[in-house]
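Read off the chains here:
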Amino acid sequence: MNFENNENNEITSESGYINSCGDSGSDNNAFVPVTAESGEYPKVVGKENDPAGNRNSAPDMMKSYKSACLKFGFFLTVTLLMRIVAQGLAPAAVRLINSVTSSVDVKYGLSLLYSALFLQVIPSFIAAAMLKYSLKNLAGGFHPPKNSKKAFANFPAVYGAGMTVNLITMALIQLVTHNGNINDSVNSLILSPPSMTSVVVLFVMLVIVAPIFEEFIFRGAVMNLLKPYGSGIAVFVSAFCFAVFHGNFQQFFYAFALGILLGYISYATDSMFCNTVLHAMFNAVSWIIMLFVTTEAVGKKTADPSAVLSDGEQLVLSFYAIFMIAVIVTALIGFIAIIRKLIKIKKYRLPKVWCEIGNGKKLLILIFTVTVLLSILLMTDVMGEGYISDAISGLISELISSR
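Residues numbered from 1 in each chain as written. Predicted model: local features only at pLDDT ≥ 70, side-chain atom pairs only at ≥ 80, totals over all residues. Heavy atoms only, no water.

Engineer: It is not clear to me how the overall build of the protein chain should be interpreted in this structure. Could you clarify?
Structural biologist: Broken down by element type, the protein chain carries 14 helices and four strands. By the burial criterion, 44% of the 403 residues in the protein chain qualify as buried. A fraction of 76% describes how many contacts in the protein chain between residues 6 or more apart in sequence connect residues 24 or more apart. Summed over all atoms, the accessible surface of the protein chain reaches about 20,500 Å², with 66% contributed by carbon and sulfur. (Helix = DSSP H or I, 4+ residues; strand = E, 2+ residues; numbered from the N terminus. Buried < 20%, exposed > 50% of the residue type's maximum accessible area, 1.4 Å probe, protein only. Contact = heavy atoms within 4.5 Å. Areas by Shrake-Rupley, 256 points an atom, 1.4 Å probe, with all protein chains shown as cover.)

Written as structure tokens, this is what we have:
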């Protein structure tokens, strides 16, 4: 994931794409707007291609950008509404699952499937349709780039940033809620698998299904829609949406940090392969930690540090300690690496495409788009108390009880 400077001090990715407004460039050059559907970057044309030398690209680009914001807000509104409705219907779905099977493993698997359908799979199809991003990218878009090894070498940095933000968030939440039990904090975010069969099912959903579909939505469809108007705005907005879709403040901040880094890697490699694999690796570590935390040995020691453990429980606790030391060391190395990388990046101009307007104004235009404003209202419900989903759940319960 190296960037090199060409003779004009422009940032060039390894794919060879020059991504700079070019302060030293000719005043006669302008960026030609392209539709987000094409997935292509704006190209520079000069007087040889525009004999009149007209600079009509800025108004055209603004019109195109506002159209993209409208599409983005509409997509976000639809998917958030679907999420809220799915959450409201969840109690009814649980009752239905309980009525058709008595197997704990089947119930667990169906619950995870219900969650994956409404949070990842269906939104992917909606993104493909509304944001004009081909479903072929679910397979063909995940080709390994030439610089994949360098991208994978950034895993400690990715994990270090995510873990640092996550630990800070959990510490603040525990201070505010006066809850010192980390076991409760973890279990409030995930479903504890009841058996080894369920452990395998959880692995498939968490480490395979979630990264593929989430990267398709956020680093694929959303970034592809916004990249023609600047890599910075595309990475930032896709990361913010990725964090919101986690649905709670405990996960929001580390998901946002993770989304920024995954977006940067996707942009630098011009592929979704590396960021998808890194996302899967990140989730795999979380999956292992979750397995340890939900064991009886860790539960006993967390509840009572003086508790006497059996030999088997002590062995589990020892493995957990070794694993967590490795995780912390990796996180520290990654944190140092990302600080060094940020210092190095300061030497170069930030990559941007549409130089007629700053990122701040682009963000304001996006936020104040009608459909985006509506989606922000829905975000507050998803991230807050969930009044809408509770109302739907209550209505469904009343309808069922009245029959």
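Engineer: Is there a simple way to think about the environment of I122 in this case?
Structural biologist: Position of I122 among the secondary structure elements: in helix α2 (residues 104-130). Exposure remark for I122: the relative accessible area of 30% places this residue in the partly exposed category.

Engineer: What is the right way to read the environment of A297 from this model?
Structural biologist: With respect to the secondary-structure elements, A297 resides in helix α10 (residues 296-303). C-alpha of A297 to C-alpha of L317: the two residues are 20 residues apart in sequence and 6.3 Å apart in space. Not counting the four nearest positions on each side in its chain, A297 is found in contact with L309, E313 and V316.

Engineer: Could you clarify how one ought to interpret the packing of helix α6 (residues 196-226) against helix α7 (residues 231-244) in this entry?
Structural biologist: How two helices pack is summed up by the angle between their axes together with the distance between the axes. The contact between α6 and α7 brings their axes to 9 Å, and the two run at 145°. In the crossing of α6 with α7, the sense of the turn from one axis to the other is right-handed. Contacts between α6 and α7 pair E214, F218, R219, V222, M223 and L226 from the former with I233, A234, V235, V237, S238, A239, C241 and F242 from the latter. Per-class residue counts for the contact of α6 with α7 are 11 nonpolar, one polar and two charged. (Axes fitted to C-alpha atoms, helices over the stretch in contact; angles between N-to-C directions. Left-handed = near helix turned anticlockwise from the far one by under 90°. Nonpolar A, V, L, I, M, F, W, Y, C, P; charged D, E, K, R; others polar.)

Engineer: Can you help me understand a nonpolar patch on the surface in this one?
Structural biologist: Side chains of L96, V100, V106, L110, L113 and L117 sit close together on the surface and give an oily, nonpolar patch of about 490 Å² of accessible area. Elements with a contribution of two residues or more to the nonpolar patch: α1 (57-100) and α2. The leading source of residues in the nonpolar patch is α2, at four residues. As for its placement among the helices and strands, L113 is situated in helix α2. We classify L113 as partly exposed; its relative accessible area is 38%. (Patch = residues over 30% accessible without salt bridge, like charges linked within 9 Å, V, L, I, M, F, W, Y side chains within 5 Å. Salt bridge = Lys/Arg side-chain N within 4 Å of Asp/Glu carboxyl O.)

Engineer: Just checking my understanding: could you explain the pattern of salt bridges for this structure?
Structural biologist: Pairs may arise between side chains of opposite charge once their charged atoms sit close together. Counted under the stated rule, the structure contains three salt bridges. The closest approach of N and O atoms between E215 and R219, which form a salt bridge, is 2.7 Å. Of this pair, E215 and R219 both sit in helix α6, four residues apart, which is roughly one turn of the helix. The class of R219 is buried, set by a relative accessible area of 3%. A salt bridge links E313 to K300; the shortest N-O distance between them is 3.1 Å. In this pair, E313 is assigned in helix α11 (residues 311-345) and K300 in helix α10, connecting sequence segments 13 residues apart.

Engineer: Which parts of the structure should I look at to understand unusual backbone geometry?
Structural biologist: With phi around 55°, K132 is a residue other than glycine that occupies positive phi space. Along the chain, K132 turns up in the loop between α2 and α3 (148-152). Residue K132 is classed as partly exposed on the basis of its relative accessible area, which comes to 47%.

Engineer: Can you walk me through the packing of aromatic side chains in this structure?
Structural biologist: Here the distance between the centres and the angle between the planes together describe a pair of aromatic rings. Scanning the model with the defined rule gives 16 aromatic pairs in all. Seen from their ring centres, Y159 and F282 are 5.1 Å apart, and the 50° between their planes marks the pair as tilted. Note that Y159 is positioned in helix α4 (residues 155-177) and F282 in helix α9 (residues 273-293), a separation of 123 residues in sequence. Accessibility classification places Y159 together with F282 in one group, the buried group. For the pair F236 and F256, a centre-to-centre distance of 5.5 Å together with 85° between the ring planes defines the contact as edge-to-face. Here F236, found in helix α7, pairs with F256, found in helix α8 (residues 249-269); they are 20 residues apart in sequence, far enough to count as distant. When its relative accessible area of 22% is taken as the criterion, F256 is described as partly exposed. Through successive ring pairs, a cluster of aromatic residues spans F236, F240, F252, F253 and F256. (Phe/Tyr/Trp six-rings, centres within 6.5 Å; stacked < 30°, edge-to-face > 60°.)

Engineer: Help me understand the nonpolar core in this model?
Structural biologist: Soluble globular proteins: nonpolar side chains tend toward being buried together. Membership of the largest hydrophobic core comes to 73 residues, with the highest contact counts inside it found for F72, F75, L80 and Y159. At 10 residues, the largest contribution of residues to this core is made by α1. Here F75 is in contact with P123, I126, A127, M130, L131, I217 and V222, once residues within four sequence places are set aside. A116, V121, V209 and A280 belong to the second-largest nonpolar core, a separate cluster that totals 14 residues. (Core = buried A, V, L, I, M, F, W, Y, C linked by side-chain atoms within 4.5 Å.)

The analysis is restricted to geometry; functional conclusions fall outside its scope.
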